[in-house]
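Coordinate analysis (summary)
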Amino acid sequence: MASPGSSDLVIVANRLPVDRIENPDGSPGWRTSPGGLVSALEPVLRANDGTWIGWPGGTESDLEPFEADGMDLVPMAMSAREIEEFYEGFSNATLWPLYHDVVEKPLFHREWFDTYVEVNQRFAERAAEVAAEGATVWVHDYQLQLVPSMLRELRPDLRIGFYLHIPFPPAELFQQLPWRRQLLEGLLGADLVGFQLSGAAQNFVRLVRQRVGHKTHRDLVYLPDGRTVRAAAFPISIDFNLYADLAQTEGVAARAEEIREAVGNPSKVFLGVDRLDYTKGIYARLRAFGELIADGHLDVEDAVFVQVATPSREQVEQYRILRDDIERLVGRINGDLGKIGRPAIHYLHASYPREEMAALFRAADIMVVTPLRDGMNLVAKEYVACCHDDLGALVLSEFAGAAEELRQAWLINPYDINGMKSALLDAYRTDEREASRRMKAMRKTVRQHDVAAWADSFLAELAAVRPSHGKSVRP
Ligand code: GDG
């Protein structure tokens, strides 16, 4: 057993919550990158001598642990080859498409998996050094599925939780993976395996029964060594108050007005905000909007679509192809249907500060979220939180995890273009009473189930598995 460190709570994630910046004196520094996960975990990390282990981006080596915003951060170096094979390769060109319904063909390369094993081993070793005796270690996401079992091997005294942010596929798809058994066994190193939805937890338990041969009962897996592993759903959320408050600031209100003005003050603004990813259904949604204009149901003087596509994974080939496809489509729709000063679609390939996002949400009458498959989709919840006057309509794919909670959205099947067109039109034509009835209900749901509640419930459940084992984490 490795000798223990001093942290009672260790977060292990592919990325550290920081970005490289240049200090005023020219020296390199760090800035914490705000995100839901950080804001939810920061208070628990502080209360428990917590440490966050992850890759800070880039290929710098010789990085020393440092503190940022009161959090202890342990940077993991990544070589150019590891970025290519572990991150862009196995994580984002094998697992990502496989876990998202194979909407793109997953690529299977043996050397990518070997590098995935190496990188996971290094993360596990670092966590084993940092964690105190009996500490809680919470491992995040698909890049690190082998870490739980590797870590348990090194430190059987730890309480280990794992959370998957993306969907967990049905057995019929997961089975394709040449390394299916290794991944299942990797996850079984945890005491608690958390998923966005209960269907994913059920997929996992069924696969463990079929492929690894362990006994299972409901959400429990019984291991031969007497340990049990629980698989359950913990739908992730956002910091509701942060978005609700931000949307009501004067600056954001004024900027929202400016945005509406800039797009020609149409009667309705449609909005899409996504990482430029083939799972997000951007192409189909823009096609549906374009057809509504071509059919004469919508007029460019009256309705405009703003699509923010945040640059993402630009080194992965499928992402480059997707970008070209979408840009060709936007060009064609605007070329065929736009007028001088009145493009049908305002397309922005860029990323913006959070205030600008809040202003866009506030400026939008109809938020269009149409993924082909999505673990949760936080954008849908952020929009709801920003609709401070209860107005605004959400068109939401049934295949986003968020659809299980946001039942009052206009739910659509993103593969059904006609269905999507009629939902867009319905949302466009809805009266204020109906929009407000739906939005009120959704705001109540997101307010009650915010990201702090998510983190608390996961950690409480983790503490409840094997209560006599390990220290407990203070809320
Ligand atoms: C994965 C799962 C699951 C986007 N562009 C900008 C920006 N964003 C922010 C959004 C939102 C986040 O990034 C994206 O989260 P999503 O949930 O929508 O999607 P993924 O990135 O695919 O996240 C997903 C999530 O993990 C959490 O478990 O919900 O299903 O796929 O917060 O607002 N933020 C800023 N500028 C941008 O340009 N500031």
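Please refer to the structure placed before this passage.
The following paragraphs examine the structure supplied in this document. Please read these numbers as outputs of a predicted model, since none were measured by experiment. (Residues numbered from 1 in each chain as written. Predicted model: local features only at pLDDT ≥ 70, side-chain atom pairs only at ≥ 80, totals over all residues.)

Some remarks on the overall build of the chain
Along the backbone of the chain there are 16 helices and 18 strands. Here the chain has a C-alpha radius of gyration of 23 Å; the compact-globule value for 475 residues is 23 Å, and the two agree. Across its three principal directions, the C-alpha atoms of the chain cover 70 × 55 × 45 Å. For the chain, buried positions account for 49% of its 475 residues. (Helix = DSSP H or I, 4+ residues; strand = E, 2+ residues; numbered from the N terminus. Rg over C-alpha atoms; globule rule 2.2 N^0.38 Å. Buried ≥ 20, exposed ≤ 12 C-beta atoms within 10 Å, placed from the backbone.)

Section: helix 12 (residues 354-363)
The buried count for helix 12 comes to seven of ten residues, which makes it a mostly enclosed element. Buried residues of helix 12: Met-357, Ala-358, Ala-359, Leu-360, Phe-361, Arg-362 and Ala-363, and no others. Those residues of helix 12 hidden inside the fold are in contact with helix 8 (240-247), helix 9 (250-262), strand 13 (268-275), strand 14 (303-310) and helix 13 (378-386). (Contact = placed C-beta atoms within 7 Å.)

Notes on the site of the ligand
The full set close to the ligand counts 18 residues, and His-165, Ser-351, Gly-375, Met-376 and Leu-378 are the nearest of them. Going through the elements one at a time, strand 13, helix 12 and helix 13 are the ones with two or more residues in the shell around the ligand. The element contributing the most residues to the shell around the ligand is helix 13, with three residues. Partitioned by chemical class, the residues of the shell around the ligand number nine nonpolar, five polar and four charged. (Near = placed C-beta within 6 Å. Nonpolar A, V, L, I, M, F, W, Y, C, P; charged D, E, K, R; others polar.)

Things to note about the sheet that holds strand 5 (residues 66-68)
Within the open sheet, the ten strands sit side by side as 5-6-4-1-7-8-9-12-11-10. Their pairing is mixed. Only two strands of the sheet have a single neighbouring strand rather than two, namely strand 5 and strand 10 (215-217). Adjacent strand axes in the sheet meet at a mean angle of 25 degrees when their direction is disregarded. Relative to strand 9 (residues 192-195), strand 8 (residues 159-163) runs parallel, the two sharing three bridges. Its bridge partner being in strand 9, Gly-161 is matched across the sheet by Leu-192. Here helix 4 (residues 147-154) sits on the sheet in contact with strand 1 (7-15), strand 7 (131-140) and strand 8, set at roughly 170 degrees to strand 8. (Pairing = 2+ DSSP bridges. Axes fitted to C-alpha atoms, helices over the stretch in contact; angles between N-to-C directions.)

Structural notes on the nonpolar core
Membership of the largest hydrophobic core comes to 160 residues, with the highest contact counts inside it found for Val-12, Ala-127, Val-137, Leu-394 and Val-395. It is helix 3 (residues 110-130) that contributes the most residues to this core, nine residues altogether. Once you skip the residues sitting within four places of it in the chain, Val-395 turns out to touch Ile-366, Met-367, Val-368, Val-369, Ala-409, Trp-410, Ile-412, Ala-423, Leu-424 and Ala-427. (Core = buried A, V, L, I, M, F, W, Y, C linked by C-beta atoms within 7 Å.)

Side note on the environment of Ala-256
Structurally, the position occupied by Ala-256 is in helix 9. In this structure the C-alpha to C-alpha distance between Ala-256 and Phe-361, which are 105 residues apart in sequence, comes to 8.1 Å. Dropping the residues within four chain positions of it, Ala-256 is found in contact with Ala-359, Arg-362 and Ala-363.

Quick look at unusual backbone geometry
Most peptide bonds are trans, and most residues other than glycine sit at a negative phi. Positive phi is not limited to glycine here, since Asn-265 has a value of about 45 degrees. Of note, Asn-265 is situated in the loop between helix 9 and strand 13. In this structure Asn-265 comes out as exposed when scored by C-beta crowding, with 11 C-beta atoms within 10 Å.

Here's the deal with the environment of Tyr-319
Looking at the secondary structure, you find Tyr-319 in helix 11 (residues 317-337). Counting along the chain gives 43 residues from Tyr-319 to Leu-276, while the straight-line C-alpha distance between them is 7.4 Å.

Some details on the packing of helix 8 against helix 13
Put simply, helix 8 and helix 13 touch, their axes get as near as 7 Å, and they point 50 degrees apart. Judged by the inter-axis angle, helix 8 sits oblique to helix 13. The way helix 8 lies across helix 13 gives a crossing that is right-handed. Taking contact as the criterion, the partners of Phe-240, Tyr-243, Ala-244 and Ala-247 in helix 8 are, on helix 13, Glu-382, Ala-385 and Cys-386. Residue composition of the contact of helix 8 with helix 13, by class: six nonpolar, no polar and one charged. (Parallel < 35°, antiparallel > 145°, perpendicular 65-115°, else oblique. Left-handed = near helix turned anticlockwise from the far one by under 90°.)

Re the pairing of strand 6 (residues 71-75)
Burial of strand 6 is extensive: four of the five residues sit out of reach of the surface. With four bridges joining them, strand 4 (residues 51-55) and strand 6 adopt parallel strand pairing. Paired with Thr-51 across the bridge in strand 6 is Asp-72. Here strand 5 runs beside strand 6; their pairing, made up of three bridges, is antiparallel. Note that in strand 6 the partner of Glu-67 across the bridge is Asp-72. Between strand 5 and the antiparallel strand that follows it, strand 6, lie two residues; Asp-69 among them carries a positive phi value of about 50 degrees.

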